[in-house]
Amino acid sequence: MIQKTEDITIRTLQFSDISEVAQIEKECFSKPWSEKAILGSVSSGDSYFVVAEKNHNSERKIAGYAGVYIAISEAYIYNIAVRRECRGKGIGENLAKELIEYCAKKYLEFISLEVRISNNVAINLYKKLGFEILGERKDFYKNPTENALIMTKYFK
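Residues numbered from 1 in each chain as written. Predicted model: local features only at pLDDT ≥ 70, side-chain atom pairs only at ≥ 80, totals over all residues. Heavy atoms only, no water.

Approximately 1,100 Å³ is the volume found for the largest pocket. Lining the largest pocket are 34 residues, and of these Phe 29, Ile 80, Asn 119, Ala 122 and Tyr 126 lie nearest its centre. Mapped onto the lining of the largest pocket, the elements with two or more residues apiece are helix H1 (18-28), strand S5 (74-82), helix H3 (91-105), strand S6 (110-116), helix H4 (120-128) and strand S7 (132-141). In the lining of the largest pocket, the residues fall into 19 nonpolar, seven polar and eight charged. (1 Å grid on protein atoms, 1.4 Å probe; cavity = no way out; pocket = protein on both sides within 12 Å on 5 of 7 lines; lining within 4 Å. Points joined across faces, edges and corners; volume = space filled by probe spheres on them. Helix = DSSP H or I, 4+ residues; strand = E, 2+ residues; numbered from the N terminus. Nonpolar A, V, L, I, M, F, W, Y, C, P; charged D, E, K, R; others polar.)

Turning our eyes to something else, we now look at H1. Within the sequence span of H1, burial applies to Ile 18, Val 21, Ala 22, Ile 24, Glu 25 and Glu 27. Where H1 is buried, its residues touch helix H2 (35-43), strand S3 (47-56), strand S4 (59-71) and S5. (Buried < 20%, exposed > 50% of the residue type's maximum accessible area, 1.4 Å probe, protein only. Contact = heavy atoms within 4.5 Å.)

In the structure shown here, the tally under the stated rule is nine aromatic pairs. Here Tyr 69 and Tyr 78 contribute two aromatic rings whose centre-to-centre distance is 6.2 Å and whose plane-to-plane angle is 50 degrees, an arrangement assigned as tilted. Its relative accessible area of 24% is what places Tyr 78 among the partly exposed residues. One aromatic cluster is present, built from ring pairs that chain together Trp 33, Phe 49, Tyr 65, Tyr 69 and Tyr 78. (Phe/Tyr/Trp six-rings, centres within 6.5 Å; stacked < 30°, edge-to-face > 60°.)

A separate point is the pairing of S4. For S3 and S4, the ladder comprises 10 bridges, and the chain directions are antiparallel. Paired with Phe 49 across the strands is Gly 67, a residue of S4. Once S4 ends, the chain turns through two residues before running back antiparallel as S5, passing Ile 72 with a positive phi of about 60 degrees. (Pairing = 2+ DSSP bridges.)

Before going further, it helps to examine the nonpolar core. The biggest cluster of nonpolar side chains holds 32 residues, and the ones touching the most others in it are Leu 95, Leu 99, Ile 111 and Phe 131. Taken together, the elements giving at least two residues each to this core come down to strand S2 (8-12), S3, S4, S5, H3, S6, H4 and strand S8 (146-154). Counting residues per element, this core draws most heavily on H3, which supplies six residues. Beyond its immediate stretch of four places on either side in the chain, Ile 111 contacts Val 68, Ala 75, Ile 77, Leu 99, Ile 100, Cys 103, Phe 131, Met 151, Thr 152, Lys 153 and Phe 155. Counting 12 residues, the second-largest nonpolar core is a separate cluster that includes Ile 24, Ile 62, Tyr 65 and Ala 81. (Core = buried A, V, L, I, M, F, W, Y, C linked by side-chain atoms within 4.5 Å.)

What follows covers H2. Every α-helical turn comprises 3.6 residues, leaving residues that sit three or four positions apart pointing alike. Among the residues of H2, Ile 38, Ser 41 and Val 42 are the ones counted as buried. Relative to the axis of H2, the buried residues are bounded by an arc of 100 degrees and lie together on one face. Tucked inside the fold, the buried residues of H2 contact H1, S3 and S5. Of the residues flanking the end of H2, it is Gly 45, one or two places downstream, whose phi is positive at about 90 degrees. (Arc of directions from axis to C-beta.)

Shown next, in the form of structure tokens:
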């Protein structure tokens, strides 16, 4: 699916995007996925990945990406990541909405994710999108060690 707003296009991730997505991983996460890991997930057949492509003066650059893993009737968000200089412009929200819409169209029961307990910006976004806090995973994240909240949005 392709969704456009002003200078941002949300589209399905292509293999040619993997190098840029890996750069975003390094910028956003203390334990980033490698290009090989991203390629493996994208190629698996049970995942859906999208990118937010910024179009500025005929230059295209990946501003963010998101991915979800689907297991039978359930969906689990891998990551939603946006470059630092592109944050605060609704890109993360639009990426999350695309994953939610995709999963709802697949008639899945729910979509779930883990988020650092200190990441209030993301937690508030997920609440705004209808996710509920269902639990906590102790010491889920490393560098720094931190608990994760389990947040889920039910479709049925």
